[in-house]
Number of protein chains: 2
Amino acid sequence: MRPEIVLFGDSITEQSFRYGGWGASLTDAYSRKADIVVRGYGGYTTRWALFLLHHIFPVGSASLPVAATIFFGANDAALPGRTSASQHVPIEEYKENLRKIVHHLKECCPTMLIVLITPPPIDEEGRLEFAKSIYGEKAMKLPERTNEVAGNYANECVNVAKELGVPSVNLWSKMQETQGWQKKFLSDGLHLTPDGNKVVYEEVVKTFNGAGLSAPEMPSDFPHHSEIDPQNPRKVFQQRGL
Amino acid sequence: MRPEIVLFGDSITEQSFRYGGWGASLTDAYSRKADIVVRGYGGYTTRWALFLLHHIFPVGSASLPVAATIFFGANDAALPGRTSASQHVPIEEYKENLRKIVHHLKECCPTMLIVLITPPPIDEEGRLEFAKSIYGEKAMKLPERTNEVAGNYANECVNVAKELGVPSVNLWSKMQETQGWQKKFLSDGLHLTPDGNKVVYEEVVKTFNGAGLSAPEMPSDFPHHSEIDPQNPRKVFQQRGL
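The rules behind each value
Residues numbered from 1 in each chain as written. Chains lettered and ligands numbered in written order. Predicted model: local features only at pLDDT ≥ 70, side-chain atom pairs only at ≥ 80, totals over all residues. Heavy atoms only, no water. Helix = DSSP H or I, 4+ residues; strand = E, 2+ residues; numbered from the N terminus. Contact = heavy atoms within 4.5 Å. Areas by Shrake-Rupley, 256 points an atom, 1.4 Å probe, with all protein chains shown as cover. Expected span 1.5 Å × (residues − 1). Disulfide = S-S within 2.5 Å. Pairing = 2+ DSSP bridges. Core = buried A, V, L, I, M, F, W, Y, C linked by side-chain atoms within 4.5 Å. Buried < 20%, exposed > 50% of the residue type's maximum accessible area, 1.4 Å probe, protein only. Least-squares fit on C-alpha atoms with pLDDT ≥ 70 in both. Phe/Tyr/Trp six-rings, centres within 6.5 Å; stacked < 30°, edge-to-face > 60°. Buried area = accessible area lost by both parts, 1.4 Å probe. Salt bridge = Lys/Arg side-chain N within 4 Å of Asp/Glu carboxyl O. Polar contact = N/O pair within 3.5 Å; in protein donor to acceptor, adjacent residues only side chain to side chain. 1 Å grid on protein atoms, 1.4 Å probe; cavity = no way out; pocket = protein on both sides within 12 Å on 5 of 7 lines; lining within 4 Å. Points joined across faces, edges and corners; volume = space filled by probe spheres on them. Nonpolar A, V, L, I, M, F, W, Y, C, P; charged D, E, K, R; others polar. Patch = residues over 30% accessible without salt bridge, like charges linked within 9 Å, V, L, I, M, F, W, Y side chains within 5 Å. Axes fitted to C-alpha atoms, helices over the stretch in contact; angles between N-to-C directions.

Draft legend 1. Representation of the overall build of chain A. Helix and strand counts for chain A stand at 10 helices and five strands. In terms of overall dimensions, chain A has a C-alpha envelope of 70 × 35 × 30 Å along the principal axes. Contacts spanning at least 24 positions in sequence make up 76% of the contacts within chain A whose residues lie at least 6 apart. Entry remark: accessible area of chain A is about 10,200 Å², with carbon and sulfur atoms responsible for 50%.

This is how it looks when you write it as structure tokens:
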């Protein structure tokens, strides 16, 4: 009975139901209005996401989501020749993959609200510290991602969104507006702290609201308990054809 | 592609995606294994839940959940003659309503794992403080729920579970094993703090594991990124018929 909103992305989407996570907050905000469906795949790039796309959003499906967030790029932007080189996707291919994803979703459902989210900024120092905490002296000496390169991918994500006429959230820019974003928003230089999750949550809700998908304006799936007459509880359910 | 687990209950289920919420934690624990579907209705009793039952769990549906938590009773146990009297459901009717819910779910799907959760304990002092913080001097002088009565409902919930051969979580007892449960687990004498949510999460996971619904043993919906050959990403997807 409720419309679905799908969160499609990499680990930052997969982990969005951890403590203070943006997916959990969205679920709470759309409580009794829409179901939030998490489709996050840690380590995935846009190149690999294409293999999942038709399974997660099958053409001709009877129940299609009303909205989807597409949140890749953090892995695509891994540098060639460094420790996460196997995830690197050249920026032109990243753009083309994003276009393919959006085109597919529009083919599935022309009215679906599609929101592209850019990768977050990178705290290079945080990445090195994180690697050292795990691998000790064997840890990489050069970060496998840089903030500058992540910014290039973020820019192109925003450009693709403009080109295709869909809204976007520029997380890379937004987060860097706050002093101390490196530790405030990022737990290991890349993944999000509860504060970082809050930024994603707020930006996504703002974008959804701006596009007419506002939780307070959506109908609840069943009557609020205050609408139930304790003497005749059946009445309100009957009135709504339930 | 993923099995569904439905959380059916009152406000304690509806609010389970707030900060540290047990529904969000379950979603994270079953990440890429099962979808957690929240069907929580603040203020609802088992009497009113019966009006929703056939809509949330339609007989003959093609996609039925593998498991469901049934978490009512906190409102049923509101005392007659006090401020929440309209929610009071006599204990015999509460038992009968729980039986109806379980029978319906078994009719929908005989293999569905059904877990009954008892109401939490009540901190009567906390309820009075909460009422005072909202209504000031006009607040109730006697709590609308007592711990003793909530305990009676909890006992009968456990008895119905035994009678019907389904597992249960005795939250009322479990929480009171911890010193200071009144403030540690309850935010307003009734609803759960993040620590209280953690108790529900841990007890539900323990019960699911005991019944063979263990996340680590369930298949992931798509290959882990480490299984993808960067030189030939198509291979692992083809091997799995994707």
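Draft legend 2. Representation of helix H4 (residues 91–108) of chain B within the structure. With 18 residues, H4(B) extends 26 Å between its outermost C-alpha atoms, agreeing within 8% with the 26 Å of an ideal straight helix rising 1.5 Å per residue. Structurally, H4(B) contributes buried residues whose contacts are with helix H3 (46–56), strand S3 (67–71), strand S4 (113–117) and helix H6 (147–164) of chain B.

Draft legend 3. View of the state of the cysteines. Inspection of the entire model under this criterion finds zero disulfides over all chains. Unpaired in this structure, A:Cys108 has its nearest cysteine sulfur neighbour in A:Cys109, at a distance of 7.8 Å.

Draft legend 4. The sheet that holds strand S5 (residues 168–169) of chain B, seen in detail. All names here are of chain B. Spatially, five strands are ordered S2-S1-S3-S4-S5 in an open sheet, and the strand pairing comes out parallel. Unpaired on one side and paired on the other, strand S2 (35–40) and S5 mark the two borders of the sheet. In the sheet, strand S1 (residues 4–9) pairs with S2 via six bridges, with the strands oriented parallel. Bridge pairing in S2 links Leu-7 to Val-38.

Draft legend 5. Summary view of the nonpolar core. By size, the foremost hydrophobic cluster in this structure holds 74 residues, and its most contacted members are A:Tyr30 and B:Tyr30. When residues no more than four places from it in sequence are discounted, the contact partners of B:Tyr30 are B:Ile5, B:Ile36, B:Phe208, B:Asn209, B:Leu213, B:Ser214, B:Ala215 and B:Met218.

Draft legend 6. Inspection of the relation of the copies chain A and chain B at higher detail. It takes a turn of 180 degrees to lay chain A on chain B, together with a shift of 0.0 Å along the axis; the resulting RMSD is 0.0 Å. Read as a symmetry element, the transformation amounts to a two-fold axis. Taking C-alpha positions as reference, the residue of chain A nearest the rotation axis is A:Ala24, located at 2.8 Å. With an isologous cut-off of 70% or more, the 100% of interface residues of chain A that recur at the interface of chain B puts this contact in the isologous class.

Draft legend 7. Quick peek at the packing of aromatic side chains. Summed over the entire model, instances satisfying the criterion amount to 22 aromatic pairs over all chains. With 6.4 Å between their ring centres and 75 degrees between their planes, A:Phe237 and B:Tyr44 make a pair best called edge-to-face. With A:Phe237 in helix H10 (residues 234–239) and B:Tyr44 in the loop between S2 and H3, the pair connects residues from two separate chains. By relative accessible area, A:Phe237 is classed as buried at 1%. Classification of B:Tyr44 as buried rests on a relative accessible area of 0%. Taken together, A:Tyr41, A:Tyr44, A:Trp48, A:Phe51, B:Phe222 and B:Phe237 form an aromatic cluster joined through their ring pairs.

Draft legend 8. Region of the structure containing the pairing of strand S3 (residues 67–71) of chain A. Residue and element names in this part refer to chain A. A large share of S3 lies buried, amounting to five of its five residues. Bridge analysis of strand S1 (residues 4–9) against S3 gives five bridges, and the strand direction is parallel. Residue pairing in the sheet places Val-6 in a bridge with Ala-68 of S3. Summarising the sheet, S3 and strand S4 (residues 113–117) pair through four bridges and their orientation is parallel. Within S4, the position partnered with Ala-68 by the bridge is Ile-114.

Draft legend 9. Seen up close, the interface of chain A and chain B. Counting from both sides, the interface comprises 42 residues of chain A and, opposite them, 42 residues of chain B. Across the chain A to chain B interface the summed buried area is about 3,600 Å²; carbon plus sulfur atoms make up 63%. Joining chain A to chain B, the criterion identifies six salt bridges. On inspection of chain A and its partner chain B, the count reaches 14 residue pairs in polar contact (both at pLDDT 80 or more).

Draft legend 10. Representation of empty space enclosed by the protein. Under the definition given, this model contains one cavity of 30 Å³ or more. Looking at the largest cavity, its volume works out to about 30 Å³. Lining of the largest cavity is provided by A:Pro230, B:Thr45, B:Arg47, B:Trp48, B:Ser86, B:Gln87, B:His88 and B:Val89. When the residues that make up the lining of the largest cavity are grouped by side-chain class, the tally is three nonpolar, four polar and one charged.

Draft legend 11. Spotlight on a nonpolar patch on the surface. Together, A:Phe130, A:Ile134 and A:Tyr135 make up a nonpolar patch on the protein surface, roughly 320 Å² of accessible area in all. Among the residues examined, A:Phe130 registers a relative accessible area of 32% and is labelled partly exposed.

Draft legend 12. Region of the structure containing the sheet that holds S1(A). Residues and elements named next belong to chain A. Judged by pairing direction, the sheet is parallel, and its five strands sit side by side in the order S2-S1-S3-S4-S5 without closing on themselves. Two strands close off the open sheet at either side, each with one partner strand: strand S2 (35–40) and strand S5 (168–169). Set on the sheet, helix H3 (residues 46–56) makes contact with S1 and S2; between it and S1 the angle comes to about 165 degrees.

Draft legend 13. View of the layout of surface pockets. Quantified by volume, the largest pocket comes out at close to 1,200 Å³. Lining the largest pocket are 47 residues, with A:Glu4, A:Val37, A:Ser63, B:Glu4 and B:Val37 positioned closest to its centre. Listed by contribution, the elements that provide at least two residues to the lining of the largest pocket are S1, S2 and H3 of chain A together with S1, S2 and H3 of chain B. Per-class residue counts for the lining of the largest pocket are 29 nonpolar, eight polar and 10 charged. Around the second largest pocket, the lining comprises 29 residues; the ones closest to its centre are A:His225, B:Ser84, B:Gln87, B:Arg127 and B:Arg145. Elements with a contribution of two residues or more to the lining of the second largest pocket: helix H1 (11–14) and helix H5 (124–135) of chain B. Looking at which element gives the most residues to the lining of the second largest pocket, the answer is H5(B), with five residues. Grouping the constituent residues of the lining of the second largest pocket by class yields 10 nonpolar, 12 polar and seven charged.

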